[in-house]
Amino acid sequence: MTITGIICGALLGFVMQRGRFCLTGGFRDMYLAKDNRIFYALLIAIAVQSVGVFALIGAGAFEYSASQLPLFSVIIGAFIFGIGIILAGGCATGTWYRAGEGLIGSWIALAMYMLMAAIMKSGPLASFTTAVRKPVVGTDSIADTFGINVWFIVIPFVALVAFIIYRELKKPKVKIPQLKPKKTGLAHILFEKRWNPFVTALLIGLIATLAWPLSAASGRIFGLGITTPSANILQYLVSGNVDLINWGVFLVLGIFLGSLFGAKMSGEFRVRVPDAKTSVRSALGGLLMGFGASLAGGCSIGNGLVMTAMMTWSGWIALVFMILGTWTASYFVFVRPGKQRAAASTAVNA
Amino acid sequence: MKKTIEVLGMVCPFPLIEAKEAIKQLNSGDELEVQFDCTQGTESIPRWAVEEGHEVVTYEQLGEASWTITVKKK
């Protein structure tokens with residue numbers, strides 16, 4: 001049943017490519033452009049998945065119990081991961097789907113990310129990862145901490161998200177210029193039209209929900225996850241141990257294939273080579289992503305989309321600190337160079 | 001006056017940052033053409049242009065993953 005991973009991944013890769021769903025860009029623009037749209041879109045995906053998965057658990061489809069919260073490693077790891085995704089120009093999932101669009105910079109980031117994740121999980125730094133993740137501060141389940149039923153958290157959260165979206169949709173819209181359509185009907189919708197980010201997020205929430213029963217059927221009780229499967233690929237390639245090939249591995253390969261298909265069909269695939277500066281930045285970003293995600297126990301999908309939906313402390317704390325990481329890196333990569341340029345040109349003019 | 005910048009091979013958000021820098025050098029009514037190949041730019045660049053109040057004169061896909069947009073400064 002591991003093969004269903006490739007279907008789930010392909011759907012996700014396709015939707016993310018066509019929907020231009022980029023969490024890195026979304027977190028960055030909260031700070032740079034004071035624009036929260038993609039963050040709100042992420043909340044929609046979390047809300048949909050939360051209702052879906054807890055309904056499935058309630059119906060007895062599978063069992064899930066939260067573990068302990070390694071607070072320190074989640075904070076440090078998520079913050080470093082946030083810095084890494086700005087340098088790499090995309091989060092773990094973003095890097096997988098941009099690799100499918102033909103961006104060689106993303107290939108570099110991906111290779112370094114897989115390498116560092118493998119080093120941290122089963123290589124020379126495995127004991128370091130275990131040591132940092134060892135101190136825990138009680139249960140990871142927010143509901144268990146307060147001794148309440150999880151629906152008392154899920155329902156108010158869904159209401160809050162609904163209120164935010166209602167307020168967003170009421171705002172006057174600016175008309176964004178579109179490319180002249182060359183396709184019609186379904187082909188236009190699938191391979192050309194600009195997708196509303198909230199619709200994209202709804203689809204991602206549904207795919208993230210679907211991932212749970214499909215993955216559970218293969219014996220892996222979790223939803224979407226990127227870091228461990230990415231490390232598994234490298235570990236398998238050097239060890240030949242077939243046990244490493246699980247549902248998650250097919251999932252990430254599916255993301256690549258789904259995005260490749262979407263990009264090809266929309267005339268958006270081309271092998272694009274970065275300059276030296278971008279290449280170095282991508283490599284460094286990939287290493288930090290692998291390091292941070294391994295400590296935090298997940299990336300912007302594993303923690304930011306899935307563990308948040310499961311209403312765990314680690315998911316929400318990781319989300320906050322990865323956003324802070326992207327803002328910190330954005331300051332050094334985008335804001336400060338601009339200020340320095342401006343200062344330099346005033347000095348010349350004066 | 002018309003200025004053209006090529007931001008090929010650059011990933012988001014660098015094409016947009018370059019465009020913002022370039023348009024500062026122009027006078028009102030001048031045109032800026034941005035040639036880019038970052039897919040996410042197809043969303044962010046036209047959005048930035050209209051939100052800033054510039055006029056989008058042309059916006060076309062030239063070929064596989066290759067776009068051009070011309071913006072008239074407000």
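**A word on the overall build of chain B**
- Helix and strand counts for chain B stand at two helices and four strands.
- When the helices and strands of chain B are placed in sequence order, the string is β-α-β-α-β-β.
- Taken over C-alpha atoms, the radius of gyration comes to 11 Å for chain B, in line with the 11 Å a tight globule of 74 residues would show.
- If you line up chain B on its principal axes, its C-alpha atoms span 30 × 20 × 20 Å.
- For chain B, buried positions account for 57% of its 74 residues.
- Put simply, of all contacts in chain B between residues at least 6 apart along the chain, 60% involve residues at least 24 apart.
- Carbon and sulfur atoms make up 45% of the accessible area of chain B, which amounts to about 3200 Å² in all.

**Details of the overall build of chain A**
- A tally of regular secondary structure across chain A gives 16 helices and zero strands.
- In terms of overall dimensions, chain A has C-alpha extents of about 65 × 50 × 40 Å along its principal axes.
- Residue burial in chain A is summarised as follows: out of 350 residues, 53% are buried.
- For chain A, the computed accessible surface area is about 15200 Å², with 71% contributed by carbon and sulfur atoms.
- Mean positive and mean negative side-chain charge positions of chain A (28 and 11 charges, respectively) differ by 10 Å.

**Section: the packing of aromatic side chains**
Residues and elements named next belong to chain A.
- This model, assessed by the stated rule, comprises 17 aromatic pairs over all chains.
- When the centroid spacing of 6.4 Å and the interplanar angle of 70° are considered together, the rings of Phe54 and Trp151 count as edge-to-face. Remark: Trp151 occurs in helix α9 (residues 151–170) and Phe54 occurs in helix α3 (residues 37–58); sequence separation between them is 97 residues.
- Look at Trp151 and you get partly exposed, because its relative accessible area is 30%.
- The interplanar angle of 70° and the centroid separation of 5.4 Å between the aromatic rings of Phe157 and Trp316 together place this pair among those described as edge-to-face. One end of the pair, Phe157, is in helix α9; the other, Trp316, is in helix α16 (residues 313–349), and 159 residues separate them in sequence.
- Feature note: the residues Phe14, Phe191, Trp195 and Phe261 constitute an aromatic cluster, connected by ring pairs.

**A short note on the nonpolar core**
- The biggest cluster of nonpolar side chains holds 80 residues, and the ones touching the most others in it are Phe27, Leu224, Ile226, Ile301 and Leu305 of chain A.
- Sorting elements by how many residues they give to this core places α3 of chain A first, with twelve residues.
- Discounting chain neighbours no more than four positions away, the residues touching Ile301 of chain A are Met16, Leu23, Thr93, Leu224, Ile226 and Val306 of chain A.
- In this structure, Val7, Leu16, Val34 and Val71 of chain B belong to the second largest nonpolar core, which totals 19 residues.

**Description of the sheet that holds strand β2 (residues 31–36) of chain B**
Residue and element names in this part refer to chain B.
- Spatially, the four strands line up as an open sheet ordered β1-β2-β4-β3, and their pairing is mixed. Edge positions in the open sheet fall to β1 (2–7) and β3 (55–63), since each of these has one partner strand only. For this sheet the average axis-to-axis angle between neighbouring strands, irrespective of direction, equals 15°.
- Running over the sheet, helix α1 (residues 14–24) touches β1, β2 and β4 (66–72) and is turned about 160° from β1.

**A closer look at the environment of Leu287 of chain A**
Residues and elements named next belong to chain A.
- Counting through the fold element by element, Leu287 comes out in helix α14 (residues 276–296).
- Classification of Leu287 as partly exposed rests on a relative accessible area of 28%.
- Put simply, Leu287 and Met116 are 171 residues apart on the chain and 5.5 Å apart in space, counted from C-alpha to C-alpha.
- When near neighbours in sequence (up to four residues on either side) are disregarded, Leu287 contacts Met112, Tyr113 and Met116.

**Regarding helix α5 (residues 92–100) of chain A**
Residues and elements named next belong to chain A.
- Burial analysis of α5 places nine of its nine residues in the buried class, which makes it a mostly covered element.
- Those residues of α5 not exposed but buried are Ala92, Thr93, Gly94, Thr95, Trp96, Tyr97, Arg98, Ala99 and Gly100.
- Tucked inside the fold, the buried residues of α5 contact α1 (4–19), α4 (71–88), α6 (104–121), α12 (227–239), α13 (247–265) and α14.
- Positive phi shows up at Gly102, right after α5, with a value of about 95°.

**A word on the packing of α1 of chain B against helix α2 (residues 41–52) of chain B**
Residue and element names in this part refer to chain B.
- Between α1 and α2, whose axes approach to 10 Å, the crossing angle comes to 30°. With respect to each other, α1 and α2 are oriented roughly parallel. Taken as a pair, α1 and α2 cross one another with a handedness that is right-handed. Side by side, α1 and α2 meet where Pro15, Leu16, Ala19, Lys20 and Ile23 of the first sit next to Ser44, Ile45 and Trp48 of the second.
- When the residues that make up the contact of α1 with α2 are grouped by side-chain class, the tally is six nonpolar, one polar and one charged.

**Overview of the pattern of salt bridges**
- Counted under the stated rule, the structure contains twelve salt bridges over all chains.
- The salt bridge involving Glu268 of chain A is made with Arg18 of chain A; its shortest N-O contact spans 2.9 Å. Of this pair, Glu268 of chain A sits in the loop between α13 and α14 while Arg18 of chain A sits in helix α1, placing them 250 residues apart in sequence. Of the two residues examined, Glu268 of chain A and Arg18 of chain A, each falls in the buried class.
- Its salt-bridge partner being Arg194 of chain A, residue Glu43 of chain B comes within 2.6 Å of it at the nearest N-O pair. You can see Glu43 of chain B sitting in helix α2 and its partner Arg194 of chain A sitting in the loop between α10 (185–191) and α11 (197–217), one on each of two chains.
- Among the charged side chains, a network of salt bridges with common partners joins Arg194 of chain A together with Glu43, Arg47 and Glu51 of chain B.

Conventions and cut-offs
- Residues numbered from 1 in each chain as written.
- Chains lettered and ligands numbered in written order.
- Predicted model: local features only at pLDDT ≥ 70, side-chain atom pairs only at ≥ 80, totals over all residues.
- Heavy atoms only, no water.
- Helix = DSSP H or I, 4+ residues; strand = E, 2+ residues; numbered from the N terminus.
- Rg over C-alpha atoms; globule rule 2.2 N^0.38 Å.
- Buried < 20%, exposed > 50% of the residue type's maximum accessible area, 1.4 Å probe, protein only.
- Contact = heavy atoms within 4.5 Å.
- Areas by Shrake-Rupley, 256 points an atom, 1.4 Å probe, with all protein chains shown as cover.
- Lys, Arg positive; Asp, Glu negative; His and termini not counted.
- Charge placed at Lys NZ, Arg CZ, Asp CG, Glu CD.
- Phe/Tyr/Trp six-rings, centres within 6.5 Å; stacked < 30°, edge-to-face > 60°.
- Core = buried A, V, L, I, M, F, W, Y, C linked by side-chain atoms within 4.5 Å.
- Pairing = 2+ DSSP bridges.
- Axes fitted to C-alpha atoms, helices over the stretch in contact; angles between N-to-C directions.
- Parallel < 35°, antiparallel > 145°, perpendicular 65-115°, else oblique.
- Left-handed = near helix turned anticlockwise from the far one by under 90°.
- Nonpolar A, V, L, I, M, F, W, Y, C, P; charged D, E, K, R; others polar.
- Salt bridge = Lys/Arg side-chain N within 4 Å of Asp/Glu carboxyl O.

What is shown is where atoms sit, not what they do.
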